[in-house]
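Each chain, written out:
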Amino acid sequence: MEGGKEGGLKTGPSGLYPLSERGRGQAGHAWPLSGCLCKGPYKTGVCSDTLWDLAIAQVEKRENPDDDGDVKPGEVWEKSILFMGNKNGGKTTIILRCLEREESPKPTLALEYTFGRRARRHNTPKDVAHFWELGGGTSLVELIRIPITSHNIRSFAVVLVLDLSKPNELWTTMESLLQVTRNHVNKILTKLEKTNPEVAAEIKQRMWNNLQRDHPDSALVDPFPIPLVIIGSKYDIFHEFDSEIRKIISKTLRFISHYYGASLVFTSKSEALLLKARALINHLAFGYDKSKSVSVDPSKPLFIPAGLDSMSQIGPPPASDSDLGKMRANTPLELWKKVFEKTFPPKSLCDLQDTKDPAQDSQYAEYEVDVMRAQKNQGCILLSILHRNEELEQYKRNASKSWKEMDFDSD
């Protein structure tokens with residue numbers, strides 16, 4: 001596969017930036033396009049409500065709004081995939097391997113874009129796969145509205161990368177990212193029902209394609225509205241866990257994947273495991289044949305394509321009958337959550353937020369902008385000092401009066 005190295009967009013400290021090498025903006029070549037720079041890290045005093053719309057329109061322009069999903073000879077296949085998951089969970093490494101790029105992964109600050117191309121046959125146009133990567137774990141999940149639009153929803157897929165070495169973050173990360181993404185996709189589908197009901201109906205029907213007709217689990221699952229792959233990363237660390245801990249995590253992820261109609265694969269830096277993850281991603285990106293192999297042994301890396309598992313094979317939640325009898329839940333997902341979090345108390349979303357100030361990130365350093373920002377900050381400090389001095393003088397004047405004569409702020 002041929003990977004693109006320029007022509008993309010990146011969200012940095014104050015918005016979207018043109019991309020260069022691997023879709024990463026270079027210092028001195030980043031032009032902010034955010035909706036409100038007067039409130040961002042680089043406070044310029046310029047505010048516009050339409051710049052975000054321009055940025056989104058630029059993204060949508062790359063997609064083919066007239067694509068009917070059926071690729072004909074001579075036409076270009078375009079698909080889009082959003083990678084999201086734990087911070088430092090290995091998303092960039094997986095993308096680089098899919099694009100066959102020999103590069104060292106760098107931290108993803110916000111939302112990054114790159115692409116890959118592949119020719120189906122000799123002397124034919126190359127198909128294109130748009131790869132988006134959401135950084136920051138759950139802290140920047142609202143940025144998903146940029147890549148997922150009504151124009152590309154039919155050809156969009158999500159890859160959720162969960163760090164197996166951090167089980168206490170697993171459920172919170174999964175739940176937060178999938179809920180926000182699902183809500184956004186459902187809003188798009190609601191609009192499509194009015195503007196293009198045939199497309200909306202097609203997408204909703206496609207949600208169930210991975211389950212065979214009359215599947216016994218139909219009433220127990222809730223398929224994700226667009227194709228989903230769940231990758232358990234850092235299997236090399238996970239493999240060192242106690243066997244019972246591994247069984248609980250593996251069984252729970254099997255349930256989650258089956259519940260959402262997703263494929264599941266465990267991976268690490270091992271070339272063999274990365275190839276398995278790559279096979280699933282290539283299926284989403286370029287329509288490669290879907291693997292039919294299955295590995296459900298909890299002592300080995302899991303590999304379960306969507307639709308090839310079942311509740312009867314997964315079994316009940318890993319808890320005693322007495323504990324299960326004490327738990328109240330409205331859905332199977334809620335029951336599994338309670339069982340899992342009893343063993344792995346979750347971290348709160350606040351603990352998972354990325355608190356690093358992106359304005360201080362060296363990879364976005366720009367001398368002219370930084371100097372102007374420092375001057376503006378200095379001016380704000382001086383104004384604050386002057387304001388405090390005025391308040392002090394007012395206090396001194398009032399102090400000489402009786403309390404009945406004092407001027408109180410109506411605020």
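Residues numbered from 1 in each chain as written. Predicted model: local features only at pLDDT ≥ 70, side-chain atom pairs only at ≥ 80, totals over all residues. Heavy atoms only, no water.

Considering the overall build of the protein
Test applied: Per the convention used, a helix needs a DSSP run of H or I reaching at least four residues, while a strand needs a run of E reaching at least two, with both numbered from the N terminus. Contact criterion: two residues are considered in contact whenever any of their non-hydrogen atoms come within 4.5 Å of each other. Each accessible area is a Shrake-Rupley estimate made with a 1.4 Å probe; only the visible protein chains count as cover when residues are assessed.
Along its length, the protein carries 12 helices and 10 strands. Counting only contacts in the protein whose residues sit at least 6 apart along the sequence, the fraction spanning at least 24 positions is 69%. Accessible surface, the protein: about 21400 Å² in total, of which carbon and sulfur atoms supply 53%.

Quick word on the environment of L170
For clarity, the threshold we go by: The rule is simple: take the accessible area with a 1.4 Å probe, protein chains only, and divide by the maximum for that residue type; under 20% is buried, over 50% is exposed, in between is partly exposed.
Here L170 shows up in helix 3 (residues 167-195). Look at L170 and you get buried, because its relative accessible area is 1%. Measuring from C-alpha to C-alpha, the distance between L170 and N86 comes to 8.0 Å, with 84 residues separating the pair along the chain. Beyond its immediate stretch of four places on either side in the chain, L170 contacts L162, I249, L253 and F340.

Details of the pairing of strand 8 (residues 228-233)
We count it as follows: Any two strands with at least two DSSP-identified bridges between them are counted as paired.
Counting buried residues along strand 8, six of its six residues qualify, which places the element largely inside the surrounding structure. Burial along strand 8 is two-sided: L228, I230 and G232 and V229, I231 and S233, pointing in opposite directions, are all buried. Both strand 7 (residues 156-163) and strand 8 contribute to a ladder of six bridges, which runs parallel. Following the sheet pairing, V158 is matched in strand 8 by L228.

Description of the nonpolar core
The line we're drawing: The definition of a nonpolar core used throughout is a set of buried Ala, Val, Leu, Ile, Met, Phe, Trp, Tyr and Cys residues joined through side-chain atoms within 4.5 Å.
Core analysis: the biggest nonpolar cluster contains 58 residues, and L82, L160, L228, L253 and Y260 have the highest contact counts within it. Of all the elements, helix 3 adds the most residues to this core, at nine residues. Not counting chain neighbours up to four residues away, the residues in contact with L160 comprise M84, G85, M174, L177, L178, L228, V229, I230 and I231.

Describing the packing of aromatic side chains
Cut-off, in case you're wondering: The pairing test for Phe, Tyr and Trp rings, Trp by its six-membered ring, is centres within 6.5 Å, and the orientation test on the planes gives stacked under 30 degrees, edge-to-face over 60, and tilted for anything in between.
Under the counting rule described, the total for this entry stands at 14 aromatic pairs. Between F238 and F266, the ring centres sit 5.7 Å apart and the planes meet at 75°, which makes this aromatic pair edge-to-face. Taken as a pair, F238 in helix 5 (residues 235-238) and F266 in strand 9 (residues 263-266) lie far apart in primary sequence, 28 residues in all. One aromatic cluster is present, formed by F224, F255, Y259, Y260 and W336 through successive ring pairs.

What about the confidence of the model for the protein?
Predicted coordinates in areas of low pLDDT are best not read in detail. Short version of the rule: The pLDDT score gives, residue by residue, the confidence of the prediction method on a 0 to 100 scale.
Looking at the protein as a whole, the pLDDT averages 78, with 70% of positions reaching at least 70. Scored below 50 in pLDDT, residues 5-49 shows 138 contacts in the model against residues more than four places distant or in partner chains. The model gives residues 63-69 a pLDDT under 50, and that stretch makes 11 contacts with residues more than four places away or in other chains.

Here's the deal with the pairing of strand 4 (residues 78-85)
Across the eight residues of strand 4, eight count as buried, placing the element largely inside the fold. Going residue by residue along strand 4, you find E78, S80, L82 and M84 tucked away on one face and K79, I81, F83 and G85 tucked away on the opposite face as well. Alignment of strand 4 against strand 6 (residues 126-134), held across six bridges, turns out to be parallel. Across the sheet, E78 pairs through a bridge with V128, a residue of strand 6.

What to know about the packing of helix 6 (residues 243-259) against helix 10 (residues 332-343)
As a reminder of what qualifies: Axis definition: a line fit to C-alpha positions, over the contact stretch in the case of helices; interaxial angles, taken between N-to-C directions, run 0 to 180 degrees. Any angle between 65 and 115 degrees counts as roughly perpendicular, while under 35 counts as roughly parallel, over 145 as roughly antiparallel, and the rest as oblique. Left-handed describes a crossing whose near helix is turned anticlockwise from the far helix through less than a right angle; right-handed describes the clockwise counterpart. For this scheme, ten residues count as nonpolar: Ala, Val, Leu, Ile, Met, Phe, Trp, Tyr, Cys and Pro. Four count as charged, namely Asp, Glu, Lys and Arg, and the remainder, Gly too, count as polar.
It is the contact of helix 6 with helix 10, at a shortest axis distance of 11 Å, that shows an interaxial angle of 160°. Taken together, the axis directions place helix 6 and helix 10 in an arrangement best described as roughly antiparallel. Crossing angle aside, the handedness with which helix 6 passes helix 10 is left-handed. Each of I245, I248, I249, K251, T252, F255 and Y259 in helix 6 lies in contact with helix 10, whose residues at this interface are P332, L333, W336, F340 and T343. Its residues assigned to classes, the contact of helix 6 with helix 10 shows nine nonpolar, two polar and one charged.

Structural notes on the pattern of salt bridges
Defined as follows: Every case where a carboxyl oxygen of Asp or Glu lies within 4 Å of a side-chain nitrogen of Lys or Arg is listed as a salt bridge.
Enumeration according to the criterion identifies 13 salt bridges in this entry. As a salt-bridge pair, K342 and D323 come within 3.2 Å of each other at their nearest N and O atoms. Residue K342 is located in helix 10, and its partner D323 is located in helix 9 (residues 321-326); the two are separated by 19 residues in the primary sequence. Taking the relative accessible area as the measure of exposure, D323 reaches 23% and is therefore partly exposed. Among the charged side chains, a network of salt bridges with common partners joins R154, E202 and R206.

Re the environment of S165
Spelled out, the test is: Polar contacts, as counted here, are pairs of nitrogen or oxygen atoms within 3.5 Å of one another; within protein the pair requires one atom able to donate a hydrogen and one able to accept it, and residues that are adjacent in sequence qualify only if both atoms are side-chain atoms.
Residue placement: S165 occurs in the loop between strand 7 and helix 3. Distance in space between the C-alpha atoms of S165 and D236 is 8.8 Å, their sequence separation being 71 residues. Sequence-distant contacts of S165, defined by excluding residues within four places in its chain, comprise S233, K234, I237 and F241. Of note is the side chain of S165, whose polar atom sits 2.5 Å from the side chain of D163.

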